[in-house]
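# Structure assessment
Take a look at the letters that make up each chain.
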Amino acid sequence: MFLFKSIKNRLILILLLCSFTPLLLLRFVAFPKAQKDLEEALIRNLEGVKQKQTEIVKMWFDERKHDAKVIGKNVSAVLGQSINEKVNNFLKLNDYIEMLRTEHGYKGVYITSREGTVLAATERELIGSNIVSRDYCREALNGHVFISRIQRVARGESENKKGEAESPVMFISSPLMDSDNFIVGSVILRMDTAPLSEIMKSAKLGQTGETFLTNREGFMLTESRFADDLRKEGIIQQRTALELRIINPHTGKLTNGAQKCLSGKDGYSAEGYINYDGSKVLGAWCWIPAYDCGLLAQIDIQEGYGAVYSLKRFVL
């Protein structure tokens, strides 16, 4: 009888070992490897989106600089030898800058003299004023094609005809040259940042993912795809651009992703960090020194690691 029980117990033990060994191998060998592979695949995708968006943003800025160069050459051709001469060509110039505003979507077009005095503008009230103190005017008069930082519209220009606050703007400027290649003035283009926001919103990052630009102070420069929800929650009043600072609501400091981005180093977080809305996100970031802004790509950690969590539940 004792021998029978001993054999029986051994058989049960062998059967238990045979049953649990594959499960233990699955849990402690196969699952960690599968989990790591899934996490790495997500991070590669997040970094890929970040890189793609960065290249598109650089291309967009480069195209705007090219446009400014072409417009500068066209204006120089219309004006002839000297833009300080009051000739009939100014009538053609006014028609040209109005065409630029209506057909190319610029919010404003200004032509200045070598001293920075506005000689022609789509906003007539600016004619005669001197804007040489503005960096975009000064840089163009020094011979550079320049793109300013993204900024709020100046007081008095901050509302459109419907009484709605306009989105932030940027200025693109280029020098005007005479036939002897001397700088005789500048052309300045004012445009809003809606195209940049559309580029950011075009990223494919699931239901909770987004990409956005940030300045050195940690303020978002583009409109979030979740702006409507953020308004309902009272996080923003009108828009995210230059209103929403990317801070951790629990600490009052910039989020981990924003801090790393502003440090000027490319990177990512596979562990996640608290986002500006209090959720935990995975992120990838880079700084774009040529245009003095940073780009972040983020996705909620629950959605990002959804496949990993599903696999874990299945194994358990």
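Scroll up a little and you will see the structure.
Presented here is a report on the structure given in the accompanying data block. Just so it is clear, the structure is predicted and the values come from calculations on it, not from any experiment.

One finds Val57, Ile111, Met170 and Leu196 to be the most contacted residues of the largest nonpolar core, which totals 35 residues. Broken down by secondary-structure element, the contributors of at least two residues to this core are helix H1 (2-79), helix H2 (89-104), strand E1 (108-113), strand E4 (169-177), strand E5 (183-192), helix H4 (194-201), strand E8 (280-288) and strand E9 (293-300). Here the element with the most residues in this core is H1; it accounts for seven residues. For Val57, the residues in contact, after removing those within four places along its chain, are Leu196, Ile199, Met200, Leu213, Ile288 and Leu295.

The next point concerns the pattern of salt bridges. Scanning the entire structure with this criterion turns up ten salt bridges. As a salt-bridge pair, Arg101 and Glu98 come within 3.1 Å of each other at their nearest N and O atoms. Of this pair, Arg101 and Glu98 both sit in helix H2, separated by three residues, roughly a single helical turn. The class of Arg101 is partly exposed, set by a relative accessible area of 28%. A relative accessible area of 22% means that Glu98 is categorised as partly exposed. Across the salt bridge formed by Arg216 and Asp292, the nearest N and O atoms sit 2.6 Å from each other. Of this pair, Arg216 sits in the loop between strand E6 (210-214) and helix H5 (227-232) while Asp292 is found in the loop between E8 and E9, placing the two residues 76 residues apart along the sequence. Residue classification places Asp292 among the partly exposed residues on the basis of a relative accessible area of 38%.

Procedures and definitions
- Residues numbered from 1 in each chain as written.
- Predicted model: local features only at pLDDT ≥ 70, side-chain atom pairs only at ≥ 80, totals over all residues.
- Heavy atoms only, no water.
- Core = buried A, V, L, I, M, F, W, Y, C linked by side-chain atoms within 4.5 Å.
- Buried < 20%, exposed > 50% of the residue type's maximum accessible area, 1.4 Å probe, protein only.
- Helix = DSSP H or I, 4+ residues; strand = E, 2+ residues; numbered from the N terminus.
- Contact = heavy atoms within 4.5 Å.
- Salt bridge = Lys/Arg side-chain N within 4 Å of Asp/Glu carboxyl O.

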